[in-house]
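Residue strings, one per chain:
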Amino acid sequence: MELTIKYFGMISELTSCEEEKILFEQTTISELLKDLFKKYPDLKNKDFRIAQDRKLVSLDSLISGQELALLPPFAGG
Amino acid sequence: MELTIKYFGMISELTSCEEEKILFEQTTISELLKDLFKKYPDLKNKDFRIAQDRKLVSLDSLISGQELALLPPFAGG
Amino acid sequence: MERTLKNVFVKGPISSAFIGNSIAKHQSKTTIGAHNIFLGQVRADVINEKTVTAIDYSAYEDMANEKFHEIREDAFKKFNLTCMHIYHSSGRVNVGEICLFVFVSSPRRKEVFKALEYIVERIKVDVPVFGKEIFEDTSHQWKTNT
Amino acid sequence: MERTLKNVFVKGPISSAFIGNSIAKHQSKTTIGAHNIFLGQVRADVINEKTVTAIDYSAYEDMANEKFHEIREDAFKKFNLTCMHIYHSSGRVNVGEICLFVFVSSPRRKEVFKALEYIVERIKVDVPVFGKEIFEDTSHQWKTNT
């Protein structure tokens, strides 16, 4: 299946892109993260949360949406 | 001695003046009020506080300043 | 730090342009991270079936300016503020117009929230300002802070 | 009452004229007695001897607008508000310029104080906005809310 992953703030600096589409077979967020850590080893040391279809989700959530986002600490206001 | 008495808001409506100078011999605020109640009988029914030289004072305070003010409830803001 | 006694009163309503301009003036103060502004606006209250059309404000101005000064000094002592401005109308202010403008600024947001509420509550309680609520039929009653 | 999803983001700084104008628009709402406005302004913080000159804001805008909407709905439920407006900058905002404008209005002052602080705190915590603090020498670091 195809999934869009969005990167923001300091995470997008590390991935050198703001968005990419990937084909995946993983069932949970943490499974998917393993692949992302292979591609971007420095990601392991970063503080971020994950949103699926614009809602924050935990690492053991099932991947069911179309859009994941890796969100570093918020700095609004 | 001469004293300026200032009236504000609904009190000045009742006295029909905003300020008057009086000669007085009283020593405390409450003594002076007795005279004012004679002059303005309706004043007895009004809610007000008294400032002497721009500071709130109690009824048993001595009259030592030049300016008294009768202040109805505040409505600033 | 003692500040000189300012005249807080402005004749008539406080305009939105005046407020906008006051905000603009603070853009050169680059230690400020948070502003908090309170505006009091005259409400068209309905009292015994009559609608308020304006409030005519009067004050014991000498004492009021001293009280505003005290409040300002106390707020600077209690809170970490960069600056503070207070303006209050005197005379007629129509419904929908602004009669009180309190403006506090600080490096940090927590300070401005606490400071602004403190200042506005003190103004309501401590400052000898009087308000004549004028109805459509030109009758009136005297406003009391609650 | 469900409100439609608004776009809270404005390109670049929020001008004082925009704020003044927004205040002016509320003068026709004569049930309002109190407005409370929060403004976030970019500080010239000094970090490791380098001075911040601007913040470049980016956001997960779709999610952020949904979060702003949630915050707005929750605030209307919790507090007796007549209206509420939120604007946040995206892109570059220089030191001294305004990046956040939150505006609440109510018949009564107690409500606006509680509501404004609630909304600003929720924005800081819940909304995916990111800030790149740009120093004089064009190096940068990523801001984190505290």
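Structure shown above.
We now turn to the structure provided with this report. Every chain is numbered on its own, with residues counted from 1 as its sequence reads. Chain A is the first chain written and ligand 1 is the first ligand written, with later ones labelled in order. Owing to the predicted nature of the model, reporting of local features is limited to residues with pLDDT of at least 70; listing and counting of side-chain atom pairs is limited to 80 or more, with chain, interface and lining totals taken over all residues. For side-chain calculations, the full set of non-hydrogen atoms in the structure is used, while hydrogens and water are omitted.

Residues and elements named next belong to chain D. Of the strand pairs in this sheet, strand E3 (residues 46–47) and strand E4 (residues 50–59) are connected by two bridges, and their pairing is antiparallel. Residue Val46 lies in a different strand from E4, and its bridge partner there is Thr51. Two strands make a pair as long as DSSP finds a minimum of two bridges between them. A run of H or I in DSSP counts as a helix once it spans at least four residues, and a run of E counts as a strand once it spans at least two, with each numbered from the N terminus. Between E3 and E4, which pair antiparallel and follow one another directly, the connecting turn spans two residues, one of which, Asn48, has a positive phi of 50 degrees. Taken together, the seven bridges between E4 and strand E7 (residues 129–135) define a ladder with antiparallel strand orientation. Its bridge partner being in E7, Ala59 is matched across the sheet by Val129. For E4 and strand E5 (residues 83–94), the ladder comprises four bridges, and the chain directions are antiparallel. Following the sheet pairing, Tyr57 is matched in E5 by Gly91.

All right, on to the interface of chain A and chain D then. Contacts were defined at the residue level, with two residues in contact if any of their heavy atoms lie within 4.5 Å. Every contact between the two is made by 19 residues of chain A and, on the other side, 24 residues of chain D. Two parts placed together each lose some accessible area; with a 1.4 Å probe, that loss summed over both constitutes the buried area. For the pair chain A and chain D, the two sides together bury roughly 1,800 Å², of which 59% comes from carbon and sulfur. The largest per-residue losses of area from chain A upon contact with chain D belong to Arg54, Phe74 and Gly77 of chain A, which jointly make up 38% of the total buried on that side. Salt bridge, as used here, is a side-chain nitrogen of Lys or Arg placed within 4 Å of a carboxyl oxygen of Asp or Glu. Where chain A touches chain D, the interface holds two salt bridges. The salt bridge partner of Glu66 of chain D is Arg54 of chain A, with a shortest N-O separation of 2.5 Å.

Attention shifts here to the relation of the copies chain C and chain D. The atoms used to superpose the copies are C-alpha atoms, taken from residues with pLDDT of at least 70 in both, and the fit is least squares. Of the transformation superimposing chain C on chain D, the axial component is 0.0 Å and the angular component is 180 degrees, with the fit at an RMSD of 0.0 Å. Considering both components of the superposition, the chain copies are consistent with a two-fold axis. When the interface residues of chain C are mapped onto chain D, 100% of them are again interface residues, pointing to one common binding face.

This next bit is on unusual backbone geometry. Residues and elements named next belong to chain A. Phi at Asp53 is positive, roughly 45 degrees, even though this residue is not glycine. Along the polypeptide, Asp53 turns up in the loop between strand E3 (49–52) and strand E4 (55–57). Since its relative accessible area comes to 30%, Asp53 is described here as partly exposed. Burial status follows relative accessibility: with a 1.4 Å probe on protein chains alone, a residue under 20% of its type maximum counts as buried, one over 50% as exposed, and anything between as partly exposed.

Before going further, it helps to spend a moment on the interface of chain C and chain D. One frequently used descriptor of interface size is the decrease in accessible area upon assembly of the parts. Contact residues are listed per partner, giving 39 residues for chain C and 39 residues for chain D. Taking both sides of the interface into account, the surface hidden between chain C and chain D amounts to around 3,300 Å²; carbon and sulfur atoms contribute 50%. Applying the counting rule to chain C against chain D returns four salt bridges. Note that Glu121 of chain D and Arg109 of chain C form a salt bridge whose closest N and O atoms lie 3.0 Å from each other. Of all the secondary structure elements, the ones that give two or more residues to the side of chain C that touches chain D are helix H1 (16–24), strand E2 (34–41) and helix H3 (109–126) of chain C. Counting residues per element, the side of chain C that touches chain D draws most heavily on H3 of chain C, which supplies nine residues. By residue class, the composition of the side of chain C that touches chain D is 17 nonpolar, 13 polar and nine charged. As paired strands, E2 of chain C and strand E2 (residues 34–41) of chain D are joined by seven bridges and run antiparallel to one another. Of the residues in E2 of chain D, the one forming a bridge with Asn36 of chain C is Phe38 of chain D. Residues are grouped as follows: Ala, Val, Leu, Ile, Met, Phe, Trp, Tyr, Cys and Pro are nonpolar; Asp, Glu, Lys and Arg are charged; every other residue, Gly included, is polar.

Before going further, it helps to spend a moment on the sheet that holds strand E5 (residues 67–71) of chain B. Residue and element names in this part refer to chain B. Spatially, five strands are ordered E2-E1-E5-E3-E4 in an open sheet, and the strand pairing comes out mixed. Since the sheet does not close on itself, it has two edges, and those belong to strand E2 (19–23) and strand E4 (55–57), each with one partner. Taken pair by pair, the neighbouring strands of this sheet meet at an average axis angle of 30 degrees, ignoring direction. Sheet topology places strand E1 (residues 2–7) next to E2; five bridges connect them, and they run antiparallel. To obtain an axis, a line is fitted to C-alpha atoms, over the contacting stretch when the element is a helix, and the angle between two such axes runs from 0 to 180 degrees between their N-to-C directions.

Among the nonpolar cores identified, the biggest contains 71 residues, and Ile119 of chain C together with Ile119 of chain D are the most heavily contacted of them. For Ile119 of chain C, the residues in contact, after removing those within four places along its chain, are Ile71, Ala75, Met84, Ile86, Val102 and Val104 of chain C. Buried Ala, Val, Leu, Ile, Met, Phe, Trp, Tyr and Cys residues that are joined via side-chain atoms within 4.5 Å together make up what is termed a nonpolar core. Core analysis: the second largest hydrophobic core is formed by 28 residues, Leu3, Met10, Ala51 and Leu68 of chain B among them.

Our next topic: the environment of Val104 of chain C. Following the sequence through the fold, Val104 of chain C ends up in strand E6 (residues 98–106). It is 19 Å that separates the C-alpha atoms of Val104 of chain C and Val125 of chain C, two residues lying 21 residues apart in sequence.

Moving on, we come to the pairing of strand E5 (residues 83–94) of chain C. Residue and element names in this part refer to chain C. Summarising burial for E5: nine of the 12 residues are buried, a large majority. Direction of pairing for strand E1 (residues 9–11) relative to E5: parallel, over a ladder of three bridges. Residue pairing in the sheet places Phe9 in a bridge with His88 of E5. Two elements, E5 and E6, share six bridges in a ladder whose sense is antiparallel. Looking at E6, one finds that His88 is bridged to Leu100. The antiparallel hairpin formed by E5 and E6 contains three residues in its connecting segment, where Gly96 sits at a positive phi of about 90 degrees.

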